[in-house]
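So you can see what is in the structure, the chains are spelled out below.
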Protein chains: 2
Amino acid sequence: MSKKSVLFFVLITAFSARAQSPQQRVQQYRKAHEIALMDEYRQFLSIPNVSADSTNIRKNAAFIVQMMQQRGIAATLLDVPAPGTNPAVFGEVKVPGAKKTIVFYAHYDGQPVNPKQWAEGLQPFVPVFIIAPVEQGGKIVTTYKSGDPIDPTWRLSGRGSADDKAGVMTILNAYDALVKSKITPAANLKFFFEGEEEVGSTHLGEIFEKHRDKLASDLWVIADGPRHVSGKRVVQFGVRGDVNMHLTVYGPKRPLHSGNYGNWAPNPAMRMVKLLASMKDDNDKVLINGFYDDVVPLTASEKAALAKVPNMEASLKKELGIAQPDGNGTPFVELLMRPTLNINGMQSANVGAMAGNVIPTKAEAVLDLRLVRGNDVARQTGRVMDHIRAQGYQIIDHEPTDAQRQQYPKLIKITMGHGYNAQRTPMDLPIAQEVIAAVQTTSPDPIVVSPSSGGSLPLYLFEEVLKANVVSVPVVNYDNNQHAENENVLVQYLWDGIEIMAAIMLIK
Amino acid sequence: MSKKSVLFFVLITAFSARAQSPQQRVQQYRKAHEIALMDEYRQFLSIPNVSADSTNIRKNAAFIVQMMQQRGIAATLLDVPAPGTNPAVFGEVKVPGAKKTIVFYAHYDGQPVNPKQWAEGLQPFVPVFIIAPVEQGGKIVTTYKSGDPIDPTWRLSGRGSADDKAGVMTILNAYDALVKSKITPAANLKFFFEGEEEVGSTHLGEIFEKHRDKLASDLWVIADGPRHVSGKRVVQFGVRGDVNMHLTVYGPKRPLHSGNYGNWAPNPAMRMVKLLASMKDDNDKVLINGFYDDVVPLTASEKAALAKVPNMEASLKKELGIAQPDGNGTPFVELLMRPTLNINGMQSANVGAMAGNVIPTKAEAVLDLRLVRGNDVARQTGRVMDHIRAQGYQIIDHEPTDAQRQQYPKLIKITMGHGYNAQRTPMDLPIAQEVIAAVQTTSPDPIVVSPSSGGSLPLYLFEEVLKANVVSVPVVNYDNNQHAENENVLVQYLWDGIEIMAAIMLIK
């Protein structure tokens, strides 16, 4: 380039920098770097991230450390001595003169995968572009290679693509886009990427306690969960709590021929269905004593916010193929403010081509209970166990001994995940209002303000241990199949997410 | 050997032949050939025999043809033009002066296998010896090689080892042992080995009709099913009928996050458990209208025979780890004379480490209905479908269309296997009594005479199409895990089975 052209280029850059909003400059930076951003993200998604796979979890953490270092953020792992802990990745950027400190949270671990359940051509840890959800016949972009233009209406498939490596990706690239666009963040920034969210944040409380000083802040921004079903951007002020219960009911010690023992040997699948069926009435109201007793009613401002959330039920019913939702006519948004009892999965022997004419030896089911403000994990699971005992079951927490099998006609093993309670942040805090305003700057479309997500995060820990204010700002599409096969993220929402996170970094 | 020794040997052989009963001579032949008999059987079990695997099914048929040819029996395949038919293997031996013709039946196909469910070290199609059932801690005889002595208390593992290649093995070796021991069978013998029993004998009726003349007989002897739980030899005069129903209940078209949609999106697993639970009361009595209506009461001689069957409930309860059997106190043998509704298997999403917090897209269950005399497959399954409709379900026989999902709040897909009705042979027929007497010659222990097996075979076809008399003479151990993982046969029972089948071949 000649000296003249250099001068011209500098002038143009300076001019456009002056004329454009920070959001436009972040967007321009992203547009110029889409290929590199996506190449790096695909590489990130190629590292298996099932929470229990600690070897690969460490590789993910190392990859994030590297991403941060490349962006000039000193990164460290926050660990605790407990064996089997997945470390959190932490980083910090101090801004001279900043009055506030904001911590950006995402988690890099993912739910378990059953590769057989993924659509043909999709694998959990081989990210590929699809032109639409595979459930809607979306085809794989088989010809894509790095450097090709990326259609923003495509989706990128893979475990963690939406839940929640998208949080890590948008947060770090938002910061990078600001820096590279010569925009200084207005707040001190901290970054905290958890590695145990999908197993109930087993050690998060310990990590918080050990590193309490490092994590001091005015606000935590949680980049997790989906944008509203309408596609609108959303700010959420709470989450439901969650706990898993794993149930196993026992039949004969060995599988029996269903003809030679049918009518005599108890069938554990029949026992399990009768037990589970006893837990809900025909309108899907939970019949367990006291299940709804502890629920704290919504505040006036929460009710007002709920009333403004767009009603998407008609389009959801159509998209999901649901003729009649549960809840006996109660609006969707209100149902999400109540506790749940959900069957995550169940199995006994085999179905389909592998089914045999047998009386199975056991039947398993996994429940998840979502908790709302007022519920307590121990109290709520205790009620479920009381209900199970009232059906005549003896509860054990290990495989039954021969003596127990002889003694108890109805035996059930119950093991529980590491659950946690719900959390809600008051919507009228000044900093809460500033987040709403910041996110609103990224779109002319009114954003959705929600008192609580239907989903869960251990945000009660942030409140209890760190005394922190917590607000969730989701970035991914609602139809991302998170926690299931064919998980995917809409490319445009990654791009939007970078702008949303950058806007929050400019809160003064 | 000198001429003198040869003469001596001949004399000894002639003497021992004179002094010994046919049973003793068959036993002596077997003892001298155990290694070869077992080597051939292990080779037979190594050929996968899942009914749907037609390539390997043909290899099994070819192996049986070879076994028969080596024993001097001309063998042919009985086929019908219907595509996908597994052929029956047929052979015939005419005995000069014989007055009766007896057909020996077994089936060489096996139930589906899920190798992951087999114990460590056991594979469905790699037969190995175990010293006891693996469920009782039985170890694999890892050092065994052909030529080593075989302990008759061992078991040989593998799909089909008991159900029902054991039938083929004992029948053909019984004939061979007679011939090699210079004992002429008293009846004309026919051999019929089916290849579709485990999928409901789909083409058996057609095969019977096409080959009716070849199959003319005075008696069919069915070598299938287990000996009595007490270990006693058994002759059975009937079987229950059987039909499978595969049920699929639908939820949302894609798996949903249980937090973001919980309480709103219907959970198909909950729907399925409520549906299945509605089919039985707490005493496991079937609640489906008319389910027990068609049952023909037992005759006086059937009742008398049942009364003599040893009561094994106490030892079975202990062995199987059952504190309280179903049936509200009705004796085991009577329960087997009633129709059943059994859950063979069920599945929705995942359990255990692969479980995610999802609302599944579907829940599947497989039922098997055992039918007794008086029941009809179409009528009985029709009652189940009426019951399902009465629970508000729309029944379809294919995956639902979008329009059907929109229209019907409760959709269920039902597909059915090829089922069949029960069969009973009158116990007082002279030839029936001759079979009882023949089997009794093989043991001083009184044999068990049973009006009907709890298990099923399509014996009604033998009666309807061939107008045949049918009696079942099981040879394998009751604790053989047939239809399930870790299937096995007790070696001594194979040896006994050869003697039992040989005894029947001597009926005049």
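Residues numbered from 1 in each chain as written. Chains lettered and ligands numbered in written order. Predicted model: local features only at pLDDT ≥ 70, side-chain atom pairs only at ≥ 80, totals over all residues. Heavy atoms only, no water.

The name given to chain A in an unreviewed UniProt entry is M20/M25/M40 family metallo-hydrolase, with the source organism recorded as Spirosoma validum.

Visitor: Go over the overall build of chain A, please, and point to the residues and values.
Guide: Scanning chain A from N- to C-terminus turns up 16 helices and 20 strands. The globule rule puts the C-alpha radius of gyration for 508 residues at 23 Å, and the 25 Å found for chain A is close to it. Here the C-alpha coordinates of chain A stretch approximately 95 × 50 × 50 Å along the principal axes. In chain A, of all internal contacts separated by at least 6 residues, the share reaching a separation of at least 24 is 79%. When the accessible surface of chain A is summed, it comes to about 19200 Å², and 54% of that surface belongs to carbon and sulfur atoms. (Helix = DSSP H or I, 4+ residues; strand = E, 2+ residues; numbered from the N terminus. Rg over C-alpha atoms; globule rule 2.2 N^0.38 Å. Contact = heavy atoms within 4.5 Å. Areas by Shrake-Rupley, 256 points an atom, 1.4 Å probe, with all protein chains shown as cover.)

Visitor: Give a detailed account of the relation of the copies chain B and chain A, specifying residues and quantitative values.
Guide: Note on the chain copies: they are related by a rotation about an axis and a translation along it. Of the transformation placing chain B onto chain A, the axial shift is 0.1 Å and the rotation is 180 degrees, giving an RMSD of 0.1 Å. Classification of the inter-copy transformation places it as that of a two-fold axis. A share of 100% of interface residues in chain B that are also interface residues in chain A marks the association as one of identical surfaces. (Least-squares fit on C-alpha atoms with pLDDT ≥ 70 in both.)

Visitor: Could you give an account of the pairing of strand β2 (residues 88-93) of chain A, with specific residues and numbers?
Guide: When a strand is regular, its side chains alternate between the sheet's two faces. All names here are of chain A. Within β2, 5 of the 6 residues are buried, which leaves it mostly tucked inside the rest of the structure. Across 4 bridges, the pairing between strand β1 (residues 75-78) and β2 is antiparallel. Of the residues in β2, the one forming a bridge with leucine 77 is valine 89. In this structure, β2 lies alongside strand β6 (residues 188-194), joined through 5 bridges in antiparallel fashion. From the neighbouring strand, valine 93 faces β6, where its bridge partner is leucine 189. (Buried < 20%, exposed > 50% of the residue type's maximum accessible area, 1.4 Å probe, protein only. Pairing = 2+ DSSP bridges.)

Visitor: Provide a residue-level description of the nonpolar core, including the pertinent values.
Guide: A:Tyr41, A:Phe104, A:Phe191, A:Phe193, A:Met501, A:Ile504 and A:Met505 are the most contacted members of the largest nonpolar core, which totals 76 residues. In terms of residues, this core owes the most to one element, helix α16 (residues 491-505) of chain A, which gives 10 residues. By size, the runner-up hydrophobic cluster in this structure holds 75 residues, among which are B:Tyr175, B:Ala223, B:Phe237 and B:Ile447. (Core = buried A, V, L, I, M, F, W, Y, C linked by side-chain atoms within 4.5 Å.)

Visitor: Summarise the packing of helix α3 (residues 34-45) of chain A against helix α4 (residues 54-70) of chain A; cite the residues concerned and give the values.
Guide: Angle between the axes and distance between the axes: these two values describe a pair of packed helices. Residue and element names in this part refer to chain A. Interhelical geometry of α3 versus α4 gives an angle of 160 degrees and a closest axis separation of 10 Å. Taken together, the axis directions place α3 and α4 in an arrangement best described as roughly antiparallel. In this structure, the crossing between α3 and α4 has a hand that is left-handed. Across the interface between the two elements, Glu40, Gln43 and Phe44 from α3 touch Asn60, Phe63, Ile64, Met67 and Gln70 from α4. Here the contact of α3 with α4 is built from residues that sort into 4 nonpolar, 3 polar and 1 charged. (Axes fitted to C-alpha atoms, helices over the stretch in contact; angles between N-to-C directions. Parallel < 35°, antiparallel > 145°, perpendicular 65-115°, else oblique. Left-handed = near helix turned anticlockwise from the far one by under 90°. Nonpolar A, V, L, I, M, F, W, Y, C, P; charged D, E, K, R; others polar.)

Visitor: Before we move on, can you summarise the pattern of salt bridges with the specific residues and values?
Guide: A side chain of one charge can pair with a side chain of the opposite charge when the charged atoms of the two come close. All names here are of chain A. With the rule as written, the count across this model stands at 54 salt bridges over all chains. Arginine 155 is paired through a salt bridge with aspartate 479; the nearest N and O atoms lie 2.9 Å apart. Highlighted residues: arginine 155 in strand β5 (residues 155-157) and aspartate 479 in the loop between β19 (470-472) and β20 (488-490), separated in sequence by 324 residues. The pair formed by arginine 155 and aspartate 479 is uniform in burial state, with each residue classed as buried. Counted as one network, the salt bridges with shared partners bring together Glu40, Arg71, Asp176 and Lys180. (Salt bridge = Lys/Arg side-chain N within 4 Å of Asp/Glu carboxyl O.)

Visitor: Outline the interface of chain B and chain A, listing residues and values.
Guide: Of the residues lining the interface, 103 residues belong to chain B; the matching set on chain A comes to 103 residues. Summed over both sides, the interface of chain B with chain A buries roughly 8600 Å², with 55% coming from carbon and sulfur. Linking chain B with chain A are 6 salt bridges, by the criterion used here. The partner of B:Arg254 in a salt bridge is A:Glu319, and the shortest N-O contact between them spans 3.1 Å. (Buried area = accessible area lost by both parts, 1.4 Å probe.)

Visitor: Summarise the domain arrangement of chain A; cite the residues concerned and give the values.
Guide: All names here are of chain A. Partitioning chain A into domains gives domain 1 (22-240 + 422-505) and domain 2 (243-295 + 338-416). Between domain 1 and domain 2, roughly 570 Å² of surface is buried when both sides are summed, and carbon and sulfur atoms account for 47% of that area. Of all residues in domain 1, Arg240, Ala422 and Arg424 bury the most surface against domain 2, accounting for 82% of the area lost on that side. Counting across the interface, domain 1 meets domain 2 through 0 salt bridges. Seen at the junction of domain 1 and domain 2, the total is 2 residue pairs in polar contact (both at pLDDT 80 or more). (Domains from an automatic or database assignment. Polar contact = N/O pair within 3.5 Å; in protein donor to acceptor, adjacent residues only side chain to side chain.)

Visitor: Tell me about the pairing of strand β7 (residues 219-222) of chain A, and please be specific about residues and values.
Guide: All names here are of chain A. A two-sided burial pattern is seen for β7, the buried positions comprising Leu219 and Val221 on one face and Trp220 and Ile222 on the other. Both strand β3 (residues 101-107) and β7 contribute to a ladder of 4 bridges, which runs parallel. The residue bridging valine 103 from the neighbouring strand is tryptophan 220, located in β7. Across 3 bridges, β7 lies against β19 in parallel orientation. For tryptophan 220, the partnering residue across the bridge sits in β19 and is valine 470.

Visitor: Break down the UniProt feature "domain: Peptidase M20 dimerisation" (unreviewed entry) in chain A for me, with residues and values.
Guide: UniProt records the feature "domain: Peptidase M20 dimerisation" (unreviewed entry) for residues 238-392 of chain A in the present numbering. For the annotated span residues 238-392 of chain A, helix accounts for 32% and strand for 23% of the residues, and the straight-line distance between the end C-alpha atoms is 38 Å. (UniProt positions renumbered as here; feature names shortened; annotations may be inferred.)

Visitor: Mind laying out the sheet that holds β20(A), listing which residues take part and the relevant values?
Guide: Residue and element names in this part refer to chain A. Read across the open sheet, the 3 strands follow the order β4-β5-β20; overall the sheet is antiparallel. The open sheet terminates on both sides in strands that have one partner only, identified here as β4 (129-130) and β20. In terms of strand pairing, β5 meets β20 through 3 bridges, oriented antiparallel. If you follow serine 157 over to β20, its bridge partner there is asparagine 488. Along the sheet face, α16 touches β4, β5 and β20 and points at about 65 degrees away from the line of β20.

Visitor: How would you explain the side chain of A:Lys232 if you had to name every residue and give the values?
Guide: Residues and elements named next belong to chain A. With respect to the helices and strands, lysine 232 occurs in the loop between β7 and β8 (234-236). Of the polar contacts made by the side chain of lysine 232, one reaches the side chain of aspartate 445; its length is 3.1 Å. Excluding residues within four positions of it along the chain, lysine 232 makes contact with Arg227, Pro310, Asp445, Pro446 and Val448.

Visitor: Outline the packing of aromatic side chains, supporting the account with residue identities and numerical values.
Guide: All names here are of chain A. Under the definition given, this model contains 36 aromatic pairs over all chains. Ring centres of tyrosine 105 and phenylalanine 192 lie 6.3 Å apart, and the angle between their planes is 20 degrees; this geometry places the pair in the stacked category. With tyrosine 105 in strand β3 and phenylalanine 192 in strand β6, the pair connects residues that are 87 residues apart, well separated along the chain. The pair tyrosine 105 / phenylalanine 192 is uniform in exposure class, with both members buried. Measuring from centroid to centroid gives 6.2 Å for tyrosine 144 and tryptophan 154, while their planes differ by 90 degrees, and the two rings are edge-to-face. Highlighted residues: tyrosine 144 in the loop between β4 and β5 and tryptophan 154 in the loop between β4 and β5, separated in sequence by 10 residues. Neither tyrosine 144 nor tryptophan 154 differs from the other in exposure class; each is buried. Within the aromatic cluster, the residues linked to one another by ring pairs are Tyr105, Phe192, Phe208, Trp220 and Phe462. The ring of tyrosine 493 carries arginine 227 above its face, with NZ or CZ at 3.7 Å from the centroid. (Phe/Tyr/Trp six-rings, centres within 6.5 Å; stacked < 30°, edge-to-face > 60°. Lys NZ or Arg CZ within 6 Å of the ring centre and 35° of its normal.)

Visitor: Residue-level account of the confidence of the model for chain A, with values.
Guide: Confidence in the prediction for chain A averages 94 pLDDT; 96% of positions are at 70 or higher. The low-confidence segment residues 5-12 of chain A (pLDDT under 50) makes 1 contact with residues lying over four places distant or belonging to another chain. (pLDDT = per-residue confidence, 0-100.)

Visitor: Explain the side chain of A:Ser452 to me, and be specific about the residues and the numbers.
Guide: With respect to the element layout, A:Ser452 can be found in the loop between β18 (448-450) and α15 (459-466). Discounting residues that sit within four places of it in the chain, A:Ser452 has contacts with A:Gln236, A:Gly238, A:Val239, A:Arg240, A:Met337 and A:Arg424.

Visitor: Before we move on, can you summarise the packing of helix α14 (residues 430-440) of chain A against α16(A) with the specific residues and values?
Guide: Residues and elements named next belong to chain A. Direction vectors running N to C along α14 and α16 enclose 135 degrees, while the axes themselves pass 8 Å from each other. Classified by the angle their axes make, α14 and α16 are oblique. The handedness of the crossing between α14 and α16 comes out as right-handed. Contacts from Val435, Ala438 and Val439 of α14 reach α16 at Ile500, Ala503 and Ile504. Taken together, the residues that form the contact of α14 with α16 break down as 6 nonpolar, no polar and no charged.

Visitor: Would you mind going over the sheet that holds strand β14 (residues 362-371) of chain B in detail, with residue names and values included?
Guide: A sheet is described by the order of its strands in space; here 10 strands give the open sequence β15(A)-β16(A)-β10(A)-β14(A)-β12(A)-β12(B)-β14(B)-β10(B)-β16(B)-β15(B), paired in mixed fashion. Each edge of the open sheet carries a strand with a single partner, namely β15 (394-396) of chain A together with β15 (394-396) of chain B. Between one strand axis and the next, the sheet turns by 25 degrees as a mean value, whatever way the strands run. The sheet contact formed by β15(A) and strand β16 (residues 411-416) of chain A spans 3 bridges and is parallel. Counterpart to A:Gln394 in the pairing with β16(A) is A:Leu411. Along the sheet, helix α8 (residues 268-277) of chain A makes contact with β10 (241-250), β12 (340-349), β14 (362-371) and β16 of chain A together with β12 (342-349) of chain B, crossing β14(A) at roughly 20 degrees. Each of β10 (241-250), β14, β15 and β16 (411-416) of chain B is contacted by helix α12 (residues 377-390) of chain B, which is oriented at about 25 degrees to β10(B), the strand it contacts most.

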